[in-house]
Amino acid sequence: MAVSLSKGQKVSLTKDNPNLKNILVGLGWDLKRYDGGYDFDLDASAFLLGANGKVTSDDDFVFYNQPKHPSGAVESLGDNRTGAGEGDDEQIKIDLSKVPASIDKIDFTVTIHEAKERNQTFGQVENSYIRVVDEATGKEMVRYELGEDFSIETAVVVGEIYRKNGEWRFNAIGAGFEGGLAALGRNYGVNL
């Protein structure tokens, strides 16, 4: 059974599973009633960060236009442009054995495509979650249901995996940003 986390809680992914190699990070959401005349396109991204909390290069940003990290460690499995259907809306694969030594953590984010132009915010989104699955067994290890009521935010740092004392751990973050992908990029040192 998966460990269910609240905002700010952390859990080890590898303490009880030291041979864990491949994980799948699934992100999901639903729309509240919305009739603004535009599709609602949410995008999952991953930022591979050094000790200073910044990318070491623009290649450390994995998203729909750059779906695979050069190391092969992180790969976006595609852009779901509507969020329709059950289960994960977008997924990111991580091969922990390939994460470069210079990377201390990987932050997972969700942004609203063209949020300002379409007058959309996370206040119109509900049932948001992130989950971590052991790809070898298909077992869900961790789940974090956001539950926060965002109103003006157009980007959310949902969670992160990070190294500590030789282990990979997961941190449930749930921090909102205004300014969408551009604001997140500036925060992490990506030139957009």
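Residues numbered from 1 in each chain as written. Predicted model: local features only at pLDDT ≥ 70, side-chain atom pairs only at ≥ 80, totals over all residues. Heavy atoms only, no water.

### Some thoughts on the sheet that holds strand β4 (residues 42–49)
Threshold: For two strands to be treated as a pair, DSSP must find at least two bridges joining them. Helix and strand assignments follow DSSP, with helices taken as H or I runs no shorter than four residues and strands as E runs no shorter than two, numbered in order from the N terminus. Throughout, a residue-residue contact means that at least one pair of heavy atoms, one from each residue, lies within 4.5 Å. Note on geometry: axes are lines fitted to C-alpha atoms, helical ones only across the stretch in contact, with angles between N-to-C directions running from 0 to 180 degrees.
Spatially, β2-β12-β11-β8-β4-β5 is the arrangement adopted by the six strands of the open sheet, whose pairing is antiparallel. Edge strands, defined here as strands with exactly one partner in the open sheet, are β2 (10–12) and β5 (61–62). Pairing analysis gives two bridges linking β4 to β5, with the strands arranged antiparallel. Among the inter-strand pairings, F47 is bridged to a residue of β5, identified as F61. Each of β4, β5, β8 (105–112), β11 (155–164) and β12 (167–177) is contacted by helix α2 (residues 180–188), which is oriented at about 160 degrees to β8, the strand it contacts most.

### Topic: the pattern of salt bridges
Spelled out, the test is: Criterion for a salt bridge: a side-chain nitrogen of Lys or Arg within 4 Å of a carboxyl oxygen of Asp or Glu. Exposure is judged per residue with a 1.4 Å probe applied to protein chains only, and the accessible area is read against the type maximum: over 50% gives exposed, under 20% gives buried, and values in between give partly exposed.
In the structure shown here, the tally under the stated rule is nine salt bridges. Notably, a salt bridge pairs K93 with E135, separated by 3.7 Å at the nearest N-O pair. In this pair, K93 is assigned in strand β7 (residues 90–95) and E135 in the loop between β9 (125–134) and β10 (139–145), connecting sequence segments 42 residues apart. Taking the relative accessible area as the measure of exposure, K93 reaches 30% and is therefore partly exposed. Judged by relative accessible area, E135 falls into the partly exposed class, the value being 34%. Look at the salt bridges and you will find they share partners, linking D88, R131, E140, R143 and E145 into a network.

### Remarks on the sheet that holds β10
Spatially, six strands are ordered β1-β10-β9-β3-β7-β6 in an open sheet, and the strand pairing comes out mixed. Whereas interior strands pair on both sides, the edge strands pair on one side only; in this sheet they are β1 (3–5) and β6 (74–76). Between one strand axis and the next, the sheet turns through 20 degrees on average, direction left out of account. Relative to β7, strand β3 (residues 22–31) runs antiparallel, the two being bridged by six bridges. Within β7, the residue paired with L27 across the bridge is E90.

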